[in-house]
Amino acid sequence: MVFEVGKHYLEEARRQMRGNKHMAEAAMAQLRDEDFFVTLDPESNSVAILVKHLAGNMRSRFTDFLTTDGEKPDRFRDREFEITGASTRADVMQWWEEGWACVLGTIETLKPEDVMRTVTIRGEPHTVLQAINRQIAHYAAHIGQIVFLAKHLRSNEWKTLTIPRGKSEEFKKVAPKAHKP
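Undergrad: Is there a simple way to explain the nonpolar core in this structure?
TA: A general trend in soluble globular proteins is that nonpolar side chains are found buried together. In this structure, F62, W96, I132, Y139 and I146 are the most contacted members of the largest nonpolar core, which totals 39 residues. Taken together, the elements giving at least two residues each to this core come down to α1 (2-28), α2 (47-62), α3 (89-109), β1 (118-121) and α4 (128-154). When sequence neighbours within four positions are dropped, the list of residues in contact with I146 reads A24, A27, M28, V47, L50, V51, L54 and W96.

Undergrad: What's the story with α2 in this structure? I'm lost.
TA: An α-helical segment advances 3.6 residues per turn. Residues three or four places apart therefore align on the same side. Taking 1.5 Å of rise per residue, 16 residues should cover 22 Å, and α2 covers 22 Å from first to last C-alpha, within 8% of that figure. Most of α2 is tucked away, with 14 of its 16 residues classed as buried. With its phi angle positive at about 50°, D64 sits one or two positions after the end of α2.

Undergrad: Is there a simple way to explain empty space enclosed by the protein in this structure?
TA: Leftover empty space is mapped by rolling, across the atoms, a probe with the size of a water molecule. Scanning the entire structure with this criterion turns up one cavity of 30 Å³ or more. Volume-wise, the largest cavity comes out at about 50 Å³. Taken together, R61, F62, F65, T68, G70, V119, T120, I121, A131 and Q135 make up the full set of residues lining the largest cavity. Only α2, β1 and α4 provide two or more residues apiece to the lining of the largest cavity. Ranked by residues supplied to the lining of the largest cavity, first place goes to β1 with three residues. Counted by class, the lining of the largest cavity contains five nonpolar, four polar and one charged residues.

Undergrad: Even after reading the chapter, I still don't get the pairing of strand β2 (residues 124-127), so can you show me in this structure?
TA: In regular strands, side chains alternate between the two faces of the sheet. Taken together, the four bridges between β1 and β2 define a ladder with antiparallel strand orientation. Bridge pairing in β2 places T120 opposite P125. Taken together, β1 and the strand that follows it, β2, pair antiparallel across an intervening segment of two residues, in which R122 is found at a positive phi of about 55°.

Undergrad: Where do I start with the packing of aromatic side chains in this structure?
TA: In this description, an aromatic ring pair is defined by two values, namely the gap between the centres and the angle between the planes. In this structure the tally under the stated criterion is three aromatic pairs. A centroid spacing of 5.7 Å and a plane angle of 65° characterise the contact between W96 and W100, whose relative ring orientation is edge-to-face. Here the residue W96 and the residue W100 both occupy positions in helix α3, the gap between them amounting to four residues, near one helical turn. A relative accessible area of 1% places W96 in the buried class. Among the residues examined, W100 registers a relative accessible area of 1% and is labelled buried. Judged by centre distance (5.9 Å) and plane angle (70°), the rings of W100 and Y139 are edge-to-face. One end of the pair, W100, is in helix α3; the other, Y139, is in helix α4, and 39 residues separate them in sequence. The exposure classification of W100 matches that of Y139, with both residues buried. The positively charged end of K52 is found above the aromatic ring belonging to W95, 5.8 Å away from the centroid.

Undergrad: What exactly am I supposed to notice about unusual backbone geometry here?
TA: The phi angle of most residues is negative, glycine excepted, and most peptide bonds adopt the trans form. At D64, a residue that is not glycine, the phi angle is positive and equals roughly 50°. Relative to the elements of secondary structure, D64 occurs in the loop between α2 and α3.

Undergrad: Just to check I follow, could you spell out the layout of surface pockets for this structure?
TA: Taken as a whole, the largest pocket holds about 170 Å³ of empty space. Along the walls of the largest pocket sit K52, A55, G56, R59, R79, E80, W95, E98, G99 and C102, which together make up its complete lining. Where the lining of the largest pocket is concerned, the elements lending two or more residues are α2 and α3. Grouping the constituent residues of the lining of the largest pocket by class yields three nonpolar, two polar and five charged.

Undergrad: Whenever I open this one, the packing of α3 against α4 confuses me. Can you help?
TA: Two numbers describe a pair of packed helices, the interaxial angle and the distance between the axes. Orientation of α3 relative to α4, taken along the N-to-C sense of each, is 155°, at an axis distance of 13 Å. Considering their axes alone, α3 and α4 lie roughly antiparallel with respect to each other. Crossing hand, α3 versus α4: left-handed. Residues W96, W100, V103 and I107 of α3 touch α4, and the partners they reach there are I132, Y139, I143 and I146.

Definitions and cut-offs
Residues numbered from 1 in each chain as written. Predicted model: local features only at pLDDT ≥ 70, side-chain atom pairs only at ≥ 80, totals over all residues. Heavy atoms only, no water. Core = buried A, V, L, I, M, F, W, Y, C linked by side-chain atoms within 4.5 Å. Buried < 20%, exposed > 50% of the residue type's maximum accessible area, 1.4 Å probe, protein only. Helix = DSSP H or I, 4+ residues; strand = E, 2+ residues; numbered from the N terminus. Contact = heavy atoms within 4.5 Å. Expected span 1.5 Å × (residues − 1). 1 Å grid on protein atoms, 1.4 Å probe; cavity = no way out; pocket = protein on both sides within 12 Å on 5 of 7 lines; lining within 4 Å. Points joined across faces, edges and corners; volume = space filled by probe spheres on them. Nonpolar A, V, L, I, M, F, W, Y, C, P; charged D, E, K, R; others polar. Pairing = 2+ DSSP bridges. Phe/Tyr/Trp six-rings, centres within 6.5 Å; stacked < 30°, edge-to-face > 60°. Lys NZ or Arg CZ within 6 Å of the ring centre and 35° of its normal. Axes fitted to C-alpha atoms, helices over the stretch in contact; angles between N-to-C directions. Parallel < 35°, antiparallel > 145°, perpendicular 65-115°, else oblique. Left-handed = near helix turned anticlockwise from the far one by under 90°.

Shown next as structure tokens:
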């Protein structure tokens, strides 16, 4: 039974991580190059900054996931919130892909029996399940910010990533079986 729960959990974690990645990529695909670097006010983050932060977090948390603390000594989190004028969209997307390669590559290697193992993040013990859930929530929050920014910046040119506004009832009639639990 524990094996089956662990197996199911890891499958679901992979599904959620891939879904979050896809959602952000669909939003970023609608942006112009310059949109990656727009901040709405001095206290807000641009898409580029959010991606740089996510990539830094991903590398730190998922490198040597089972054997070292998730806060690596060579991570300088504050620098993740700084972007130079030399950064390009290609740089941003490279950071993105490198971060996700670390996350997905690590989660792919986990076995059901690993789910209840203990790992540390900033010296605090977590089960693997807790550590992955922590990251799913963290990534989803920032990906929500990316989607918000992209939607705001594209305004009336925005193409919805889910069911379009005012189309929920129509969607239920067309695809009733696709979305039942």
